[in-house]
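Working through the structure, step by step
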Amino acid sequence: MKVLIAVNAYIKHRSQLSQAQRISDELENLGAAVDIKKNFNLAKIEGNAIAAEKYGCCVFLDKDRVAARLLEKSGMRLYNRASAIEVCDDKMLTNTALAGAGFNVPDCIYAPLCYNSDSLINAQFLEVVGETLGYPLVAKINYGSLGAGVSLIKDAEELAAYEAQNLTLPHFYQRFIDCGCGQDIRVIVVGGKVVCAMKRRNENDFRSNIELGGTGEKYGVDGGLEKLCVEVAETLGLDYCGVDILLGRDGRYYVCEVNSNAFFSAAERVCGVNVAKAYAMHITKSAN
């Protein structure tokens, strides 16, 4: 079995390179031949067809939607599939896909697309946002990871400033779920099964990300949370993902975000689980 692991062409984050190597090592332990390549010219349109080197499958650790579609159209099975990567890469699309499907998603209001940076802010729209979601509320850029573009908005003045700064970027506003100081539950799902979970906590930021100074501890998943996260992964068509869950003070689980390329090094360390091996086993079993 010949496997391509594709990483971003301009990758700088060491944890993503480490993740690629961990998956590669576990795939090789299972007998696969693996190449790790940066996403430069992995596929192209040539002679009215898609030209790409032949691999049995590709572990796509990038968010480049064009490359994912090209590789998939060349006949390669992607982990995750291009459509799943696209939905998870856009946080508002993720919320849209989960809305009405039986999941608790925090109330959201999307900001209409604006193409002109000199456009005037719509004060009536912002008034509706504040009245509907209440303060504080969460503002998010549709695209981004590691907590980038996510802000806690405390009042109408901060809301207006955020809207002005991000007017031409796809973004949305979300009800703040009070679950204590900067904490959530990261659940890793592989091949339709929960592999492990950790509670992330950040005492200095409302964002719990480990990369932003948060810490993690092993979390015992009950049957309800397990069922929820597996169904989220199935609904979005994901082979592998990290589902970020907020446990509200009302005792309910809320799906905050779903990451199709969630880093797993912290989860492996905290939970003592070989996530890379679980992923490799799923790939070799489902690709054959």
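Here, every reference points to the structure presented above.
Here we summarise the structure given alongside this text. Please read these numbers as outputs of a predicted model, since none were measured by experiment. (Residues numbered from 1 in each chain as written. Predicted model: local features only at pLDDT ≥ 70, side-chain atom pairs only at ≥ 80, totals over all residues. Heavy atoms only, no water.)

Take the sheet that holds strand β10 (residues 171-175) next. Across the sheet, which stays open at both edges, the four strands sit in the order β7-β10-β8-β9 with antiparallel pairing between neighbours. Each having just a single partner strand, β7 (108-110) and β9 (150-153) make up the two edges of the open sheet. If you compare each strand with its neighbour and ignore which way they point, the axes differ by 25° on average. With three bridges connecting them, β7 and β10 associate as antiparallel partners. Bridging across to β10, C108 finds its partner in Q174. Here helix α4 (residues 91-98) sits on the sheet in contact with β7, β8 (137-141) and β10, set at roughly 55° to β10. (Pairing = 2+ DSSP bridges. Helix = DSSP H or I, 4+ residues; strand = E, 2+ residues; numbered from the N terminus. Axes fitted to C-alpha atoms, helices over the stretch in contact; angles between N-to-C directions. Contact = heavy atoms within 4.5 Å.)

To continue, consider the side chain of H171. With respect to the helices and strands, H171 occurs in strand β10. What makes H171 buried here is its relative accessible area of 2%. In this structure, H171 is in contact with Y110, A111, K140, I141, N142, Y162, E163 and N166, ignoring residues within four places of it in sequence. (Buried < 20%, exposed > 50% of the residue type's maximum accessible area, 1.4 Å probe, protein only.)

If you walk through the whole model with that rule in mind, you get zero disulfides. Free cysteine: C88, not disulfide-bonded; nearest cysteine sulfur from C241 at 6.8 Å. No disulfide involves C271; its sulfur sits 4.2 Å from the nearest other cysteine sulfur, which is in C196. (Disulfide = S-S within 2.5 Å.)

Moving on, we get to the packing of aromatic side chains. All chains considered together, the criterion is met by four aromatic pairs. A centroid spacing of 5.4 Å and a plane angle of 75° characterise the contact between Y10 and F40, whose relative ring orientation is edge-to-face. Of this pair, Y10 sits in the loop between β1 (2-7) and α1 (14-29) while F40 sits in the loop between β2 (33-38) and β3 (43-46), and the two are 30 residues apart along the sequence. A relative accessible area of 64% means that Y10 is categorised as exposed. A residue is classified by how much of its surface remains accessible, and F40, at 45% relative accessible area, is partly exposed. A centroid spacing of 6.4 Å and a plane angle of 80° characterise the contact between Y240 and F264, whose relative ring orientation is edge-to-face. (Phe/Tyr/Trp six-rings, centres within 6.5 Å; stacked < 30°, edge-to-face > 60°.)

Moving on: the packing of α1 against helix α9 (residues 275-287). Interhelical geometry of α1 versus α9 gives an angle of 55° and a closest axis separation of 8 Å. Considering their axes alone, α1 and α9 lie oblique with respect to each other. When you trace α1 past α9, the crossing you get is right-handed. Note on element contacts: α9 touches α1 through A276, K277, Y279, A280, I283 and T284, opposite R22, I23, E26 and L27. By residue class, the composition of the contact of α1 with α9 is six nonpolar, one polar and three charged. (Parallel < 35°, antiparallel > 145°, perpendicular 65-115°, else oblique. Left-handed = near helix turned anticlockwise from the far one by under 90°. Nonpolar A, V, L, I, M, F, W, Y, C, P; charged D, E, K, R; others polar.)

The next thing to look at is unusual backbone geometry. With the exception of glycine, the majority of residues adopt a negative phi angle, and the majority of peptide bonds are in the trans configuration. Following Y79, the chain continues to N80 via a peptide bond in cis, the omega torsion being -5°. Note that N80 resides in the loop between β6 (77-79) and α3 (82-89). At the junction of Y135 and P136, the peptide bond is cis and its omega measures out at 0° in the coordinates. For N41, which is not glycine, the phi dihedral falls at a positive 55°. Mapped onto the secondary structure, N41 falls in the loop between β2 and β3. Residue N41 is classed as exposed on the basis of its relative accessible area, which comes to 58%. Of note, the phi angle at N48 is positive, near 65°, even though the residue is not glycine. The class of N48 is exposed, set by a relative accessible area of 78%.

Turning our eyes to something else, we now look at the nonpolar core. I5, I23, L27, V59, I188, Y240 and Y279 are the most contacted members of the largest nonpolar core, which has 28 residues in total. Going through the elements one at a time, β1, α1, β5 (57-61), β11 (183-190), β12 (193-201), α8 (265-271) and α9 are the ones with two or more residues in this core. Examining the composition of this core, we find that five residues originate from one element, α9, more than from any other. Judged by nonpolar contacts, the second largest core, of 25 residues, contains I185, V187, A197 and V232. (Core = buried A, V, L, I, M, F, W, Y, C linked by side-chain atoms within 4.5 Å.)

Once that is clear, we can look at helix α6 (residues 156-165). Here α6 has its buried residues at L159, Y162 and E163. End-on, the buried residues of α6 take up no more than an arc of 100°, which puts them together on one face. In α6, those exposed residues whose orientation departs by more than 90 degrees from the buried face are E157 and Q165. Contacts made by the buried residues of α6 are with α5 (123-133), β8, β9 and β10. Looking at where α6 begins, the residue whose side-chain oxygen comes 3.2 Å from the main-chain nitrogen of E157 is D155. (Arc of directions from axis to C-beta. Polar contact = N/O pair within 3.5 Å; in protein donor to acceptor, adjacent residues only side chain to side chain.)

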